[in-house]
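# Close look at the chain arrangement
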Amino acid sequence: MTLLEAILLTVITASTPLLIAAIGELVVERAGVLNLGVEGMMIMGAAAGIAAAITTGNSAFGVLAAVLAGMALAAVFAFLTLGLATNQVAAGLALSIFGLGLSGVVGAPFVGVQRAGIGRIEIPLLSEIPFLGPVFFAQDPFVYASFALVVGVSWFLWRSKAGLVLRACGENHASAHALGYPVLRIRFLAILFGGACAGLAGAYLSLVYTPFWTSGMTGGRGWIALAIVVFASWLPWRAAIGAYLFGGITILQLHAQGAGVPVPSQLLSALPYLITILVLVLIMRLRRGGAAGPAALGTPFVPDR
Amino acid sequence: MTLSRRSLMAGAGALAGVSALTGPAVAQGGPLNVGFILIGPVGDFGWSTMHDQGRRRMLEVLGNRVTATQVESVAPPDFDRVATQLVRTGSRLIFTTSFSYFAPTQRIAPQHPNVMWESATGTATGPNLAIYNARFYEGRYVQGVIAARKSRSKTIGYVASFPVPEVIHAINTVMRGAWSVDPQMRIRVVWVNAWFNPGREADAARALMDQGCDVICQHTDSPAPLQLAEQRGNVFGFGQASDMTRFAPRAHLTSSVNNWGDYYAERARAVLEGNWRPADTWGGLGSGMFRLAPFTNMTPEEASEAARIRDALASGALHPFDGPIVRQDGQTVIPAGQRLTDDQIRAMNYFYQGIDVAMP
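This is a predicted model, so every value here is computed, not measured.

## Re the sheet that holds strand β9 (residues 215-218) of chain B
Residues and elements named next belong to chain B. Read across the open sheet, the six strands follow the order β8-β7-β9-β10-β11-β13; overall the sheet is mixed. The open sheet is flanked by β8 (186-191) and β13 (290-292), the only strands paired with a single partner. Sheet twist, expressed as the average angle between the axes of neighbouring strands with direction ignored, equals 20°. The pairing of strand β11 (residues 252-258) with β13 spans three bridges and is antiparallel. Along β13, the bridge assignment pairs Asn258 with Phe290. Together, β7 (155-160), β8 and β9 form the strand contacts of helix α8 (residues 165-181), whose direction differs from that of β7 by roughly 165°.

What follows is the structure in C-alpha cells.
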C-alpha cells in the first residue's frame, strides 16, 4: 500500500462519522428544525453501542442499540420542540449537555473493557480495482453506509414526493399545513432520522475508530457535523465534500507534522476550522447575501386548529 | 466523593450561602478535606485515572482523618471557579493536577493563604504553594533504548501533546536513550494539541505509522495509539501513566505507571500535623513516584538490558542529562563533565542536535 493510499484510507475513516451525523442533521434542518444536540446524541450512541456490544458480545446489537439510543434522545428533543414548541436552540444545547452527562453514566461500567473493533469488508471484484479499490471498496460497513446515506437522502429529498413535502415543511410550514400535510409528524420523523444517524456516527467511534469507551470521546465531532451542514448549504453531496475536506485537512496536517513541514502545529490544527469559515464567507459572497438555509429553520410550528 | 464539574456548579449557590454563614470553621472541626482538580475524565486510563487512584490510596492510608472532593474534566478556563468553589466548601489542601493549571494556581494561591496548594508538574513554589512531579524522563530514556532495539525502520513516532518543557525534554531523552544503542535512530513528532482526545491521538499515530514509524511513543493520555499499534501488527508502543498491557497484548513494550498515592497521603498527614511546608518534590524511579510496567513482547536479552538501564537510572548511576548537551542549532548548552540542573531541565525549550524536527 502506498503512502497516498494509506492517507486516503485514513481520511475516509476520519470523515465517516462526520458525514453520517451531518447527513442526519441535514434532513432535520431541511424539515425546518435546528437540532443542536448532535454531539449529545452521538456520544449516547457511542456509549450505548459499546455497552450493548460488550454485554451481548455482538457488534450488530451494538450498532442497533446506538441507533435506538440516538433516536431516544432525539425523541426527547422532539417532545420539547414539537410537543411543547420550546426554543429549539435552547433545547438542542440542553440535549448536548444532557447526552454528554448521561453517556458517562451509561458507559461507566464499561470503562477499560477491551474488545476488537468491527473489521473491514472487501467487496469482491470492486476491491481489486487498482488504487480506487482498496481506498473505496475495502472499508468497514459504516463507510458503505455513509455512501448509501448520501445517495439515498439526495434521492429522497429531490426525487421523491415525500422529500418534496419534507422540504416544504422546512420552507413554509404554514403553507404545508394549509395543504393538509401533517407538519409536526413529518418533523418528528425527520428528527428521529437525525437521531438515528447521530447514534450511528457515535457507534462508529466506539466500535470501529477507537474501540473502547471513555467519557467525552466524541471530542466535539457533533459540532463539526453541524458546521458541515451549513458549509454544504443543505445539500447532501456538498455535505460529503465538506466532511471529506474537514477529515482530509485534519489528517493531512498530522502527516505534514510527521514529515517535518515547518509550519506551526497550532496553526495546522486550526486549519480545518479556518477553511470552514473561509468557505462560508465565499459561499455567502457568491450568493450576494440572502439566506441559504430552509426559510422556516428554527421556527416552532403550532397548528392553529 | 467524586463530583462532575457541573454538579459542583449546580450546588454552588447553596453551598456559598452555607460557607458565608459558618466561615472557615467548617473545615477546622471535622476531618481534613482534600480537593483534587483533574484535567481529564477519571476514566482516561492514564494521567487522571492515576491521580484518582492516588486519592483513593490517600483515603485508605489516612482513613477517617481525611475526606476528598474531586472534580474531573476541568477545562483550564473553568479552573478559577472550580478552585474557588473547593475553597468555599472547605478544602484546606488542594491538588491541581496538570501543568495547564500551574499559572492559574500560582495566581489564586495568594488569594487563599489559609489553603495549601499543590501543583503537579509546576515550576515554582510559593508561601502556600508546593509543586510535585515525577522524573518521567527516566522512563523515556528506557523507552528510547527499547525502541532502538525493536525498530526495523529506525524511526520512532512520537504522539506529542503540547510543546511544553515536560514534553520537549521527554522527546530529547527518548532520543538520547535510542542513540545510546544506535546513533542512526530518527524521530518523527506529531503534536495533537490535546492531552486527551482518543480520536485525534489515533489519527496522529496512524499518520506516523503510515510514514514508516514502527515504534510509537505517546505523550498523551488515552490508550488509542497503543491500541492502533496492536491492530496494525508489527508496530510497538508504550503505555502512558498506567499499565496499558491489556490494550495491546502483542504491541505493548512497557508503560510508565504513576503512583501519587503515597505522596498524597504524606502531604495530607503533614497538613493534619501542622508541619506542611511548600516543597519542590521531583521523584524519580528510585522514589517510587512511578515505576515501569513489566516488559512485554521483548526477548529475554532485550528485557534484561532494559531492566539494567532502569536500575542504573533508579540508582543514579546513569543520568540522562549529563553533558555534553548541544542544541539543534549547534550551540553548546553544557560541555562534557557537567549536568543540567533541575531548573534547566524544567525550562528546556530546544531539541538536541541530531533531532531533525522543527520546534513548532
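## Concerning the packing of helix α1 (residues 3-30) of chain A against helix α11 (residues 236-258) of chain A
All names here are of chain A. Contact geometry of α1 with α11 gives a least axis separation of 7 Å together with a crossing angle of 140°. Between α1 and α11 lies a crossing whose hand is right-handed. Residues Ile7, Thr10, Val11, Ala14, Ser15, Leu18, Leu19, Ala22, Ile23 and Leu26 of α1 touch α11, and the partners they reach there are Pro236, Ala239, Ala240, Ala243, Tyr244, Phe246, Gly247, Gly248, Thr250, Ile251 and His255.

## Structural notes on the nonpolar core
Core analysis: the largest hydrophobic core is formed by 195 residues, its most contacted members being Ala22, Ile23 and Ile228 of chain A together with Ile171 of chain B. No other element matches the 17 residues that helix α9 (residues 183-209) of chain A contributes to this core. Two domains each donate at least three residues to this core, and these are domain 1 (2-134 + 260-283) and domain 2 (136-250 + 291-346) of chain B. If near-sequence neighbours (up to four positions away) are discounted, Ile228 of chain A is found in contact with Leu18, Ala22, Ala239, Gly242, Ala243 and Phe246 of chain A.

## Some points on the domain arrangement of chain B
All names here are of chain B. Split into domains, chain B comes out as domain 1 (2-134 + 260-283) and domain 2 (136-250 + 291-346). For domain 1 versus domain 2, the distance between C-alpha centres works out to 31 Å. Listed by partner, the interface residues are 13 residues for domain 1 and 14 residues for domain 2. Per-element accounting of the side of domain 1 that touches domain 2 gives the leading share, three residues, to helix α4 (residues 47-62). Considered class by class, the residues forming the side of domain 1 that touches domain 2 number seven nonpolar, five polar and one charged.

Cut-off values and rules
Residues numbered from 1 in each chain as written. Chains lettered and ligands numbered in written order. Predicted model: local features only at pLDDT ≥ 70, side-chain atom pairs only at ≥ 80, totals over all residues. Pairing = 2+ DSSP bridges. Helix = DSSP H or I, 4+ residues; strand = E, 2+ residues; numbered from the N terminus. Axes fitted to C-alpha atoms, helices over the stretch in contact; angles between N-to-C directions. Contact = placed C-beta atoms within 7 Å. Left-handed = near helix turned anticlockwise from the far one by under 90°. Core = buried A, V, L, I, M, F, W, Y, C linked by C-beta atoms within 7 Å. Buried ≥ 20, exposed ≤ 12 C-beta atoms within 10 Å, placed from the backbone. Domains from an automatic or database assignment. Nonpolar A, V, L, I, M, F, W, Y, C, P; charged D, E, K, R; others polar.

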